[in-house]
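Chain and residue survey
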Amino acid sequence: MITRTLEQVARMAEAELSHDKWKDVQIEGGVSIDTRSIQQGQLFIPLPGSNVDGHKFVRQAFEKGARATFWKKGVDGAPEDIPLIFVDDPPLIAMQQLARSYRDQTGVRIVGVTGSNGKTSTKDMIAEVLSSTFSVQKTKGNFNSQLGLPLSIFELEKDTEVMVLEMGMSDVGQIEILSKIAKPDIAVITNIGESHLEYLGVKRKNCRCKI
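Residues numbered from 1 in each chain as written. Predicted model: local features only at pLDDT ≥ 70, side-chain atom pairs only at ≥ 80, totals over all residues. Heavy atoms only, no water.

Some thoughts on the side chain of serine 152
Structurally, serine 152 can be placed in helix H5 (residues 148-154). Residues contacting serine 152, with those up to four places away along its chain left out, are Thr139, Lys140, Phe143, Met163 and Leu165. (Helix = DSSP H or I, 4+ residues; strand = E, 2+ residues; numbered from the N terminus. Contact = heavy atoms within 4.5 Å.)

Quick look at the structure:
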């Protein structure tokens, strides 16, 4: 899992540490977006929810063991007694940038798997075959979204040689975003069908392509 000093995290996320006195503090155990499952030493990412902004849970995250947190510039109430990493963009974007930087630093080879159907089973089969020769990690379950894929990358272990990442789509351009984060060395497309067309603004009667 990602283990870095806050000075390194801030640089990787293209962000700003709240105070130099925190620069040698080190996150351990990865990244969390949920105070209900946060573990000791993790970096907390306060994502905006449909009803409540995640910044409101920062203090709770630290009470449960968080070692540092992102904080979007311009959001009121930034605490001064805990390590903050100020981000210009929404915390999700900064989280994705951090994942992209971490992926680059690991040097791991990435197999990206996408498609309308069969992604998870294909991912599992590829990982099983590769594990006979390499040290392999794979996406847990179907953590394949703009949230899930970065979280999967943060779990990369030092000895991992190949990671098989599932990439899902629920909106226009999402696969492009995930590809820029993961930078797959090999891409596997299971199939392309009608799944998710309701999210893409495409009606079947207007589609001139064979699907």
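Observations concerning the pattern of salt bridges
When the charged atoms of two side chains lie near each other, side chains of opposite charge can form a pair. Scanning the entire structure with this criterion turns up 12 salt bridges. Where arginine 103 meets aspartate 185, a salt bridge forms, and the shortest distance between an N and an O atom there is 3.4 Å. Remark: aspartate 185 occurs in the loop between helix H6 (174-182) and strand E11 (186-189) and arginine 103 occurs in helix H3 (residues 91-106); sequence separation between them is 82 residues. Connected through shared salt-bridge partners, Lys123, Asp124, Lys138 and Glu166 make up one network. (Salt bridge = Lys/Arg side-chain N within 4 Å of Asp/Glu carboxyl O.)

What about the packing of H3 against H6?
Running from amino to carboxyl end, H3 crosses H6 at an angle of 40°, the nearest separation of the two axes being 7 Å. With respect to their mutual orientation, H3 and H6 come out oblique. For the pair H3 and H6, the contacting residues are Gln96, Ala99, Arg100 and Arg103 in the first and Ile177, Lys180, Ile181 and Ala182 in the second. Grouping the amino acids of the contact of H3 with H6 by side-chain chemistry returns four nonpolar, one polar and three charged. (Axes fitted to C-alpha atoms, helices over the stretch in contact; angles between N-to-C directions. Parallel < 35°, antiparallel > 145°, perpendicular 65-115°, else oblique. Nonpolar A, V, L, I, M, F, W, Y, C, P; charged D, E, K, R; others polar.)

Describing the side chain of glutamine 137
Topologically, glutamine 137 is positioned in strand E9 (residues 136-138). At a separation of 3.0 Å, a polar atom in the side chain of glutamine 137 contacts the main-chain carbonyl oxygen of glutamate 155. A polar contact is formed between the side chain of glutamine 137 and the side chain of threonine 160, at a distance of 2.5 Å. Setting aside its immediate chain neighbours within four residues, glutamine 137 contacts Glu155, Leu156, Glu157, Thr160, Val162, Met163 and Val164. (Polar contact = N/O pair within 3.5 Å; in protein donor to acceptor, adjacent residues only side chain to side chain.)

As for the pairing of strand E8 (residues 109-114)
Burial runs high along E8: five of the six residues are buried. One ladder, built from five bridges, connects E8 with strand E10 (residues 162-166); its direction is parallel. Residue pairing in the sheet places arginine 109 in a bridge with valine 162 of E10. In the sheet, E8 pairs with E11 via four bridges, with the strands oriented parallel. By the bridge assignment, valine 113 is partnered in E11 with valine 188. (Buried < 20%, exposed > 50% of the residue type's maximum accessible area, 1.4 Å probe, protein only. Pairing = 2+ DSSP bridges.)

Here we look at the confidence of the model for the chain
Here the chain shows a mean pLDDT of 91. Residues at 70 or above account for 92%. Confidence drops under pLDDT 50 across residues 203-211; counting only partners more than four residues distant or on other chains, this segment forms six contacts. (pLDDT = per-residue confidence, 0-100.)

Here we look at the layout of surface pockets
Of the volumes computed, that of the largest pocket is approximately 340 Å³. Of all the secondary structure elements, the ones that give two or more residues to the lining of the largest pocket are strand E4 (31-32), E9 and H5. Ranked by residue count, the leading element in the lining of the largest pocket is H5, at three residues. Considering only residue class, the lining of the largest pocket consists of seven nonpolar, eight polar and four charged. (1 Å grid on protein atoms, 1.4 Å probe; cavity = no way out; pocket = protein on both sides within 12 Å on 5 of 7 lines; lining within 4 Å. Points joined across faces, edges and corners; volume = space filled by probe spheres on them.)

Structural notes on H6
When H6 is considered as a whole, its buried residues turn out to be Gln174, Leu178, Ile181 and Ala182. The buried residues of H6 occupy an angular sector of 85° when the element is viewed end-on, so they sit on one face. The secondary structure elements touched by the buried residues of H6 are H3, E8, H5 and E10. (Arc of directions from axis to C-beta.)

Description of the sheet that holds strand E6 (residues 68-72)
Sheets are built from strands paired through backbone hydrogen bonds, the pairs being either parallel or antiparallel. Pairing is mixed in the open sheet, where five strands are placed in the order E2-E7-E6-E5-E4. Each end of this open sheet is capped by a strand with a single partner; those strands are strand E2 (16-17) and E4. Alignment of E6 against strand E7 (residues 84-87), held across four bridges, turns out to be parallel. Across the sheet, residue threonine 69 finds its bridge partner in E7, namely leucine 84.

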